[in-house]
Amino acid sequence: MVNDTSYSGSGLVLGIESSCDETAAAVVERGIRQLSNVVASQIAIHSPYGGVVPELASREHLRAIVPVVDAAVREAGITLSGLDAIAVTEGPGLAGALLVGIGYAKALAYALGKPLIAVNHLEGHIHAVLMESAQQFGNPSLPATGPLLALVVSGGHTHLYLAQQRDGMWHYRNVGHTVDDAAGEAFDKVAKLLGLGYPGGPWIDQLAPHGNPLAVPFTFAQIKPKAHRPGQHTHQPRFLFSFSGIKTAVLRYVETHDMASSIATRRQQLTPQNLIPDMKPSDALAFCDQQTLDLLASFQRAVVDDLKRKTFAAAEHYGAHGLLISGGVAANRELRARFTETAAKRGLPIAFPALSLATDNAAMIAAAAWSRLASRDFAPASLSARASLALGAEPALP
Ligand code: KG4
Ligand code: ZN
């Protein structure tokens, strides 16, 4: 059993995150108090390709890791010797990118004689919200008891977890996932298809309120969980998402509604060379006709509705005492508004991360490491990248 109140060290953890296209480092005290949170984004590097190029990501992590860690320690107002542990993302993510963070964290831990803690990136996203909820001492936004339902919705994941704290440790059970694209991937691909910038989520988020969300009726097929396997006795539903169909439906709409030339013009206007300096997604309104805005609004409404329907159905099925929504897509304003509205109607506490903690960062990695530090659950010196690392036990298939 973990007794984190009796932990006698400083509780200062340096988190390092390099699983995708952000090199990040942060110092967090006892899983709650953020002393620094530094993120070097590679968006400008990958933007011309409309997606993350793994080789470029590894190279940029190599360039950024030393200055980013230095900045995180400096901004925290501490020295490396004041740390109690180094935590690093073990997976899932791009193997080459993960290895940069892991290699650096291992070297630092060894040189300082401090323990190394391995963190699952998905658990990190969940802790981005738990950390903030816990910061509201005396009045946390999420209940401490009972299972919480966590939706982790990002460029690489659309997963539902039941999260429960027992004996000071968090336990997770995977109760839903996407069978193909992640929701953020759908935002990125639709934005690219319509000639908008990368990553697509923030662009669509800014433009969608200017369109009619009911203009294009998109539907989602109901996905049945795989048949019950012999030898499995429990019948539990899985909540399955699929976002590749809506991407194809948007493509078909574009082809049948004569949108090619307006897309080509916009793509030309918004190429990195032609971009207005410091252009923000909200500035793209001038480059979009009403048909495009209606399509974006309808796409976003359909994705948010599907996420909402299945998340609330899962919460009800598993008797969740609260909801937490995390990952890059949790930054979406329509998603936040509609989830908040439904949660209020059902009397369910709900929490989202601050925008700076929704997308990839290292504060969430340092926060997730706290219970492992308190229970002395350290990583071996042989720690390596696990590109497909899963979180939580899968429930038995129905
Ligand atoms: O969590 P994250 O930074 O990285 C992954 O672990 O994938 O999430 C990035 C994803 C991208 O697909 C991006 O388009 C999406 O989050 N995203 C958004 C918004 N901000 C970022 N999607 C919708 N609305 C947003 N405001
Ligand atoms: Zn992420």
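In what follows, the accompanying structure is described. These figures come from a predicted structure and were not determined experimentally.

Only H121 (NE2), H125 (NE2) and D360 (OD) from the protein coordinate the zinc ion (ligand 2), and they sit 2.0 to 2.1 Å from it. Coordination geometry of the zinc ion (ligand 2): the 4 donor atoms subtend angles of 94 to 142° at the metal centre, consistent with an arrangement described as irregular. Along the chain, the residues donating to the zinc ion (ligand 2) are arranged with the sequence spacing H-x3-H-x234-D. Of this pair, H121 and H125 both sit in helix α4 (residues 121-135), separated by 4 residues, roughly a single helical turn. H121 gets classed as buried once you look at its relative accessible area, which sits at 4%.

Let us look at the site of ligand 1. Neighbouring residues of ligand 1: 20 residues in total, closest G155, D188, G201, D205 and D360. In the model, an oxygen atom of ligand 1 is placed 3.1 Å from a nitrogen or oxygen of the G184 main chain. Considering ligand 1 on its own, with 560 Å² of exposed area, one finds that the protein chains cover 90% of that surface. Elements represented by at least two residues in the shell around ligand 1 include exactly α4, α5 (183-193) and α6 (200-207). Examining the composition of the shell around ligand 1, we find that 4 residues originate from one element, α6, more than from any other. Taken together, the residues that form the shell around ligand 1 break down as 5 nonpolar, 12 polar and 3 charged.

What counts, and at which threshold
Residues numbered from 1 in each chain as written. Chains lettered and ligands numbered in written order. Predicted model: local features only at pLDDT ≥ 70, side-chain atom pairs only at ≥ 80, totals over all residues. Heavy atoms only, no water. Donors = N, O, S within 2.8 Å, 3.2 Å for Na, K, Ca; no water. Tetrahedral: all angles 85-135°; square planar, octahedral: opposite > 155°, others 65-115°. Helix = DSSP H or I, 4+ residues; strand = E, 2+ residues; numbered from the N terminus. Buried < 20%, exposed > 50% of the residue type's maximum accessible area, 1.4 Å probe, protein only. Near = heavy atom within 4 Å. Polar contact = N/O pair within 3.5 Å; in protein donor to acceptor, adjacent residues only side chain to side chain. Areas by Shrake-Rupley, 256 points an atom, 1.4 Å probe, with all protein chains shown as cover. Nonpolar A, V, L, I, M, F, W, Y, C, P; charged D, E, K, R; others polar.

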